[in-house]
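# Residue-level structure breakdown
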Amino acid sequence: MEGSCSRADSRVTFGPMAAVFRQLFTDFFSTIVFLVVYAATGDILIATAVAIVGAVAQFIRARMRREKLDIMTWASLALVIVLGTATLLTKDPRFVLVKPSIAHFAIGAIMLRKDWMLRYSPPMVRDNIPHLATIAGYCWAVLMFILGAGVVATAMTGDVKLWAFYVTVIAIGAKVVAFAIQYVVFRIAITRKLRAAAAAQAAN
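If you check an unreviewed UniProt entry, the protein appears there as Intracellular septation protein A from Afipia clevelandensis ATCC 49720.

Have a look at this one:
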């Protein structure tokens, strides 16, 4: 019983959230390129230019592989080009630094849909803890909005090092912690529910 609970819990944890993290990685690709180049050169303009080229190359690669491009992919490319160009023209890094917040806000908005996580959950979760899956979905939406606001706040300071620390340590760390908490809560809740049901059945 506990083994089946563990397998079900792993599926609900890694299923929908893995898709979210894959989307985040895709949207953050240009940001990762920016961070790597900036760390190597210390030049905002060079890092921004390379990030724009990286985003365009990522888009071309997806088109060549005939991958399905959703609205987030198109929006991400447009934002990189527009905000990156603004940074190059004004020499103000805040334009390109604010870009990752858009992905957080957009994904947060998607997560506000009722029971979005429940739709991807296995029967074990839908039958035993549907209310927790719904609550978890809303909690993830709130987390994304908070992290997006943090990106904006650090970007507005113009301090690239502070922004880089936030994006790479704080934002990622918060997602990992939330991921771990959800795993533990779901596993405990399902295990307790199954044990209670087994005890009630044995009593009868």
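Picking up where we left off.
Here we take up the overall build of the protein. Assigned secondary structure in the protein consists of 10 helices and 0 strands. Seen in sequence order, the protein has helices and strands lined up from the N terminus as α-α-α-α-α-α-α-α-α-α. Per-residue burial for the protein yields a buried fraction of 44% across its 204 residues. Summarising the internal contacts of the protein: among those between residues at least 6 apart in sequence, 74% fall at separations of at least 24.

Moving on, we get to the side chain of Asp92. Take Asp92: it is sitting in the loop between helix H4 (71–90) and helix H5 (94–97). At 2.8 Å, the side chain of Asp92 forms a polar contact with the side chain of Arg94.

To continue, consider the environment of Ala47. Positionally, Ala47 belongs in helix H3 (residues 44–64). For Ala47, a relative accessible area of 0% translates into the label buried. When the C-alpha positions of Ala47 and Thr31 are compared, they lie 9.6 Å apart, and in sequence the two are 16 residues distant. Excluding residues that lie within four positions of it along the chain, Ala47 makes contacts with Phe34, Val37 and Tyr38.

Time to look at empty space enclosed by the protein. Under the criterion given, the structure shown has 1 cavity of 30 Å³ or more. Within this model, the largest cavity holds a volume of roughly 70 Å³. Residue assignment for the lining of the largest cavity shows that the elements contributing at least two residues are helix H2 (29–41) and helix H6 (99–111). For the lining of the largest cavity, the element with the highest residue contribution is H2, accounting for 3 residues.

Definitions and cut-offs
Residues numbered from 1 in each chain as written. Predicted model: local features only at pLDDT ≥ 70, side-chain atom pairs only at ≥ 80, totals over all residues. Heavy atoms only, no water. Helix = DSSP H or I, 4+ residues; strand = E, 2+ residues; numbered from the N terminus. Buried < 20%, exposed > 50% of the residue type's maximum accessible area, 1.4 Å probe, protein only. Contact = heavy atoms within 4.5 Å. Polar contact = N/O pair within 3.5 Å; in protein donor to acceptor, adjacent residues only side chain to side chain. 1 Å grid on protein atoms, 1.4 Å probe; cavity = no way out; pocket = protein on both sides within 12 Å on 5 of 7 lines; lining within 4 Å. Points joined across faces, edges and corners; volume = space filled by probe spheres on them.

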